[in-house]
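# Coordinates in review
Chain residues, written in single-letter form:
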Amino acid sequence: GLHKGLPGYTFKRAPGELWRSYYDKEHNLVVINNAHADYFYAAKIRIRKLKYICKLFVKELVLHNFLGSNKEKALEHMVELSLYTEENLK
């Protein structure tokens, strides 16, 4: 289906797997590996966990929406989105 707006997110335990997140286009969800070592580290402090989830959202949204862009433009979009989303986490 056609989805508009920000995706939701969900967790999937995948112990031993290296992926942190992926975008499930069919369900408009960012799927986060809550068995990844980085998630465990981030989850110890609430604001760090929020920032980590935010970074994964940014990564997935940029990959999905700017896939045809060159690497530099995609990274610039990541910096821009990170700046504005983290500002709104306070």
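Above this text sits the structure in question.
These numbers come from a predicted model, not from an experiment.

Compared with an ideal rise of 1.5 Å per residue, which puts 20 residues at 28 Å, helix H2 (residues 46-65) spans 28 Å between its outermost C-alpha atoms and is within 8% of the ideal. Of all the positions in H2, only Tyr52, Ile53, Cys54, Leu56, Phe57, Val58, Glu60, Leu61 and Val62 are classed as buried. On its buried face, H2 is in contact with strand S1 (8-12), strand S2 (21-24), strand S3 (29-33), helix H1 (37-43) and helix H3 (71-87).

Strands belonging to one sheet form pairs held by backbone hydrogen bonds; the direction of such a pair is parallel or antiparallel. The sheet built from three strands is open, its strands ordered S1-S3-S2 with mixed pairing. One side of each edge strand has no neighbouring strand; the edge strands of this open sheet are S1 and S2. Averaged over all pairs of adjacent strands, the angle between their axes in this sheet comes to 25°, without regard to strand direction. Where S2 meets S3, four bridges bridge the pair, whose relative direction is antiparallel. Bridge assignment links Asp24 to a residue of S3, and that residue is Leu29. On the sheet, H2 packs against S1, S2 and S3 and is oriented at approximately 50° with respect to S2.

Cut-off values and rules
- Residues numbered from 1 in each chain as written.
- Predicted model: local features only at pLDDT ≥ 70, side-chain atom pairs only at ≥ 80, totals over all residues.
- Heavy atoms only, no water.
- Helix = DSSP H or I, 4+ residues; strand = E, 2+ residues; numbered from the N terminus.
- Expected span 1.5 Å × (residues − 1).
- Buried < 20%, exposed > 50% of the residue type's maximum accessible area, 1.4 Å probe, protein only.
- Contact = heavy atoms within 4.5 Å.
- Pairing = 2+ DSSP bridges.
- Axes fitted to C-alpha atoms, helices over the stretch in contact; angles between N-to-C directions.

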